Amino acid sequence: MPSPESLPRPSFKRILFKPSGEALAGGSGKGLDGDTLDATATEIIDLRANLGVDVAVVVGGGNFWRGREGSMKGMDATQSDHIGMLGTVMNALALQDALERQGQETRVQSAIEMPRIAEGYIRRRAVRHLEKGRVVIFAAGTGNPFFTTDTAAALRAAEIEADVVIKGTHSGVDGIYSADPRTDPTAVKYDEVSYMEVMTKDLKVMDTTAIAFCRENDIPIVVFDMSVEGSLRSIVQGGPEGTLVRR
Ligand code: UDP
């Protein structure tokens, strides 16, 4: 659904990249896949090294655990979310390893303190790392149960003054559609859509808390399919991939 009156897509100098946990798991959607991690690291390093873009990452954790799945089976909801947040720490460490094996300096900052394996989250320090050319990976979501890593991405983006939240999925769906294109042949892709439309039409993009937060703080969101090589680079340069959400 192209909107002819829409402005050209902006390019971005500081991004908050949010790969879902599944996007790091390769085809199976569970656990971690070395080749997928390496390919993701290569694309991130390209942005940093060749385009001079500051890259911060909030990693999802759904490849290991989703809090809701546990609580629906009777587990205490907070306990289940704690497990989910620990899953994101595993993803953060795996991505850090993939980046550093390719020579990229990184720091992992965790919202739940675990000083033996990661720095604690300190906003000023995170910004300093970015200024020094390091890729900063934020682990453990917001550190609070009842939230998602989408909300963590929106929050950290605001804190570090990122220009955009770029959400990478691995669902085979290359943006936001009017309905699920895997089950509904009439589904139409949006090139661009407003925050309000996402909320009122209940389009499946990010949870409502994250969308509302981005709207309030005027942070654009791009949703795209991470399995298509080169998409991330193009989006950062104002290319047409995925769907842009803004006012
Ligand atoms: N989680 C949480 N608080 C947060 C972020 C995440 O409790 O601030 C938990 C929650 O249980 C969630 C899980 O961590 O289901 C994994 O995160 P998410 O579902 O956002 O991962 P993704 O779908 O992006 O892979």
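Residues numbered from 1 in each chain as written. Predicted model: local features only at pLDDT ≥ 70, side-chain atom pairs only at ≥ 80, totals over all residues. Heavy atoms only, no water.

Engineer: Explain the pattern of salt bridges to me, using residue names and the numbers behind them.
Structural biologist: The final tally for this structure, using the stated rule, is 19 salt bridges. The salt bridge partner of aspartate 46 is arginine 233, with a shortest N-O separation of 2.6 Å. In this pair, aspartate 46 is assigned in helix α1 (residues 34-51) and arginine 233 in helix α8 (residues 231-236), connecting sequence segments 187 residues apart. For lysine 189, the salt bridge identified is with aspartate 174, shortest N-O distance 4.0 Å. On the criterion of sequence distance, the pair formed by lysine 189 in strand β8 (residues 189-190) and aspartate 174 in the loop between β6 (164-169) and β7 (176-177) is long-range, its members being 15 residues apart. Exposure remark for aspartate 174: the relative accessible area of 31% places this residue in the partly exposed category. (Salt bridge = Lys/Arg side-chain N within 4 Å of Asp/Glu carboxyl O. Helix = DSSP H or I, 4+ residues; strand = E, 2+ residues; numbered from the N terminus. Buried < 20%, exposed > 50% of the residue type's maximum accessible area, 1.4 Å probe, protein only.)

Engineer: Run through the environment of leucine 232, naming residues and quoting values.
Structural biologist: Assignment of secondary structure puts leucine 232 in helix α8. A relative accessible area of 2% places leucine 232 in the buried class. The spacing of leucine 232 and alanine 23 is 209 residues in sequence and 13 Å in space, taken between C-alpha atoms. Here leucine 232 is in contact with Phe17, Glu43, Leu47, Ile166 and Phe224, once residues within four sequence places are set aside. (Contact = heavy atoms within 4.5 Å.)

Engineer: Lay out the sheet that holds strand β3 (residues 106-110) with the relevant residues and their values.
Structural biologist: The nine strands are arranged β4-β3-β5-β2-β1-β6-β10-β11-β9 in an open sheet whose pairing can be described as mixed. Each edge of the sheet is formed by a strand with only one pairing partner; in this case those strands are β4 (119-120) and β9 (192-194). Here strand β1 (residues 14-19) pairs with strand β2 (residues 54-58) via four bridges, running parallel. The residue of β2 that forms the bridge with leucine 16 is alanine 56. α1 rests against β1, β2 and β5 (135-139) of the sheet, and its axis sits at about 150° to β2. (Pairing = 2+ DSSP bridges. Axes fitted to C-alpha atoms, helices over the stretch in contact; angles between N-to-C directions.)

Honestly, it's all geometry; don't read function into it.
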